[in-house]
Amino acid sequence: MIITIASGKGGTGKTTVAVSLAISLAAEQSPPPLFLDCDVEAPNAHLFLHPSLTEQQDVGLLIPVVDEAKCTHCGKCAKVCQYHAIVVLGPKTLVFPQLCHGCGSCTALCPEAAIREVPDRMGVLERGAALLGIPFARGVLDVGQPMAVPVIRQLLAWAQPAPGQVVLRDAPPGTSCPVVAAVRGSDYLLLVTEPTPFGLHDLRLAVQVAGELGIPAGVIINRENGPYPALDEFCADHHLPVLLRIPFERAIAEGVARGQTLVDIHPEYGDCFRQMFTQITLRAGKE
Ligand code: SF4
Ligand code: SF4
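Being a predicted model, the structure only gives us computed values, none of them experimental.

Participant: Describe the overall build of the protein, with residues and values.
Facilitator: Each helix and strand counted, the protein has 11 helices and 11 strands in total. When the 287 residues of the protein are sorted by exposure, 49% land in the buried category. Relative to all contacts within the protein whose residues are 6 or more apart in sequence, the contacts with residues 24 or more apart total 74%. If you sum the accessible surface of the protein, you get close to 13,600 Å²; carbon and sulfur atoms cover 55% of it.

Here it is, written out as structure tokens:
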């Protein structure tokens, strides 16, 4: 059972929900859920779950390097590269590593065997045990690296669950390629939003992503501060269950700022999250 916690925009409390769900499930599940921080550009779940990161692995792509002594400048590599990361300019064949996706097509198609591939580090994968024995893993993109997707994909391949173990993925914010990489393969998508016009706008986009990937989704409304009928109407119109409503409350804001989960601040949330998990397993057809 893979649940991805996502939001159409940053700052909605997505990670607060993800870590609180992890803590709630870990209190009753054996083994505890596997927690994956897929927000590789700004991972912050460690601030709440306090993992002891004992394993590391560099992550990156294989980037082509052209041997000009062998290259005949035939242009086949440039023709196959859909990212325009390799170009032939007169007597030179140039590679632009920032654009390269490491697909290997140019190397495979070069008739002169003039291309070799060298590893190019983009970030690091880390893992270890967190609070309550929660197995925790995250990817961290190096500063200045433009591509989060390869790091997310390699994180998901590296940190595999035990048979039957629940997986919680904390997705990056937004609806772009890194989000799709984190969401793909999930059984359920938990969309955290807030009752504002901006929140509703970004929820619409996130729901589109869920629809395109064919993943069932439910909504958590965070920082609820009075009725906002437009959001409830949208959820009803799109058959999106509102699984939890978290009120706007000063004690919660202060606790989260100190690195506390919702369960630390209000222990009764433990039962709320466990009941929500039961609903999710039913809706995802896992029970
Ligand atoms: S395919 Fe090989 S030989 Fe042709 S331009 Fe590219 S590197 Fe040179
Ligand atoms: S490895 Fe793929 S993306 Fe990179 S230059 Fe070659 S064809 Fe383009």
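Participant: Any chance you could break down the packing of helix 7 (residues 197-213) against helix 8 (residues 229-237) for me, citing the residues and the numbers?
Facilitator: Contact pair helix 7 / helix 8: the axes reach a minimum separation of 11 Å and the direction vectors enclose 10°. As far as their axial angle goes, helix 8 and helix 7 are roughly parallel. The hand of the helix 7/helix 8 crossing is right-handed. Here Leu200, Leu203, Arg204 and Val207 of helix 7 lie close against helix 8, whose contacting residues are Ala230, Leu231, Phe234 and Cys235. Of the residues in the contact of helix 7 with helix 8, the class split is 7 nonpolar, no polar and 1 charged.

Participant: Account for the site of ligand 1, naming residues and giving values.
Facilitator: If you check the shell around ligand 1, you find 13 residues, and the closest are Cys71, Cys74, Gly75, Cys77 and Cys110. For the shell around ligand 1, the residue count by class is 7 nonpolar, 4 polar and 2 charged.

Participant: Provide a residue-level description of the site of ligand 2, including the pertinent values.
Facilitator: All residues adjacent to ligand 2 are Pro64, Cys81, Tyr83, Ala85, Ile86, Cys100, His101, Gly102, Cys103, Gly104 and Cys106. Looking at the shell around ligand 2 residue by residue, the classes come out as 8 nonpolar, 3 polar and no charged.

Participant: Describe in detail the environment of leucine 156, supporting the description with residues and values.
Facilitator: Examined against the element boundaries, leucine 156 turns out to sit in helix 5 (residues 149-158). Separated by 106 residues in sequence, leucine 156 and histidine 50 have C-alpha atoms that sit 20 Å apart. Setting aside residues up to four positions removed in sequence, leucine 156 forms contacts with Leu36, Cys38, Arg169 and Ala181.

Participant: Could you give an account of the pattern of salt bridges, naming the residues involved and the relevant values?
Facilitator: Across all of its chains, the model carries 11 salt bridges by this definition. Measuring nitrogen to oxygen at the nearest pair gives 3.6 Å for the salt bridge that ties arginine 274 to glutamate 28. Residue arginine 274 is found in helix 11 (residues 269-283), and its partner glutamate 28 is found in the loop between helix 1 (14-26) and strand 2 (34-37); the two are separated by 246 residues along the sequence. Its relative accessible area of 61% is what places glutamate 28 among the exposed residues. Measuring nitrogen to oxygen at the nearest pair gives 2.7 Å for the salt bridge that ties arginine 138 to glutamate 126. Taken as a pair, arginine 138 in strand 7 (residues 135-141) and glutamate 126 in strand 6 (residues 115-129) lie far apart in primary sequence, 12 residues in all. The pair formed by arginine 138 and glutamate 126 is uniform in burial state, with each residue classed as buried. Connected through shared salt-bridge partners, Glu28, Asp271 and Arg274 make up one network.

Participant: Explain a nonpolar patch on the surface to me, using residue names and the numbers behind them.
Facilitator: Together, Tyr83, Leu89, Leu94, Phe96 and Leu99 give the surface a local cluster of nonpolar side chains, amounting to about 420 Å² of exposed area. Mapped onto the fold, leucine 99 is located in the loop between strand 5 (92-95) and helix 4 (105-109). For leucine 99, a relative accessible area of 40% puts it in the partly exposed group.

Participant: Give a description of the packing of aromatic side chains that names residues and reports values.
Facilitator: Evaluated as defined, the whole model comprises 2 aromatic pairs. The interplanar angle of 0° and the centroid separation of 5.8 Å between the aromatic rings of phenylalanine 35 and phenylalanine 136 together place this pair among those described as stacked. Here the residue phenylalanine 35 occupies a position in strand 2, and phenylalanine 136 occupies one in strand 7, the gap between them amounting to 101 residues. Side by side, phenylalanine 35 and phenylalanine 136 carry an identical accessibility label, which is buried. Between tyrosine 269 and phenylalanine 273 the ring centres are 6.3 Å apart and the planes differ by 45°, which places this aromatic pair in the tilted class. In this pair, tyrosine 269 and phenylalanine 273 both sit in helix 11, 4 residues apart, roughly one turn of the helix. Owing to a relative accessible area of 8%, tyrosine 269 belongs among the buried residues under this scheme. Above the face of the tryptophan 158 ring, arginine 127 is positioned so that its terminal group lies 3.9 Å from the ring centre.

Participant: Describe in detail helix 5, supporting the description with residues and values.
Facilitator: The element helix 5 is extensively covered by neighbouring structure, given that 7 of its 10 residues are classed as buried. Those residues of helix 5 that fall on the buried side of the exposure criterion are Val149, Pro150, Val151, Ile152, Leu155, Leu156 and Trp158. The inward-facing, buried residues of helix 5 abut strand 2, strand 3 (52-66), strand 6, strand 7, strand 8 (167-170) and helix 6 (177-183).

Parameters at a glance
Residues numbered from 1 in each chain as written. Chains lettered and ligands numbered in written order. Predicted model: local features only at pLDDT ≥ 70, side-chain atom pairs only at ≥ 80, totals over all residues. Heavy atoms only, no water. Helix = DSSP H or I, 4+ residues; strand = E, 2+ residues; numbered from the N terminus. Buried < 20%, exposed > 50% of the residue type's maximum accessible area, 1.4 Å probe, protein only. Contact = heavy atoms within 4.5 Å. Areas by Shrake-Rupley, 256 points an atom, 1.4 Å probe, with all protein chains shown as cover. Axes fitted to C-alpha atoms, helices over the stretch in contact; angles between N-to-C directions. Parallel < 35°, antiparallel > 145°, perpendicular 65-115°, else oblique. Left-handed = near helix turned anticlockwise from the far one by under 90°. Nonpolar A, V, L, I, M, F, W, Y, C, P; charged D, E, K, R; others polar. Near = heavy atom within 4 Å. Salt bridge = Lys/Arg side-chain N within 4 Å of Asp/Glu carboxyl O. Patch = residues over 30% accessible without salt bridge, like charges linked within 9 Å, V, L, I, M, F, W, Y side chains within 5 Å. Phe/Tyr/Trp six-rings, centres within 6.5 Å; stacked < 30°, edge-to-face > 60°. Lys NZ or Arg CZ within 6 Å of the ring centre and 35° of its normal.

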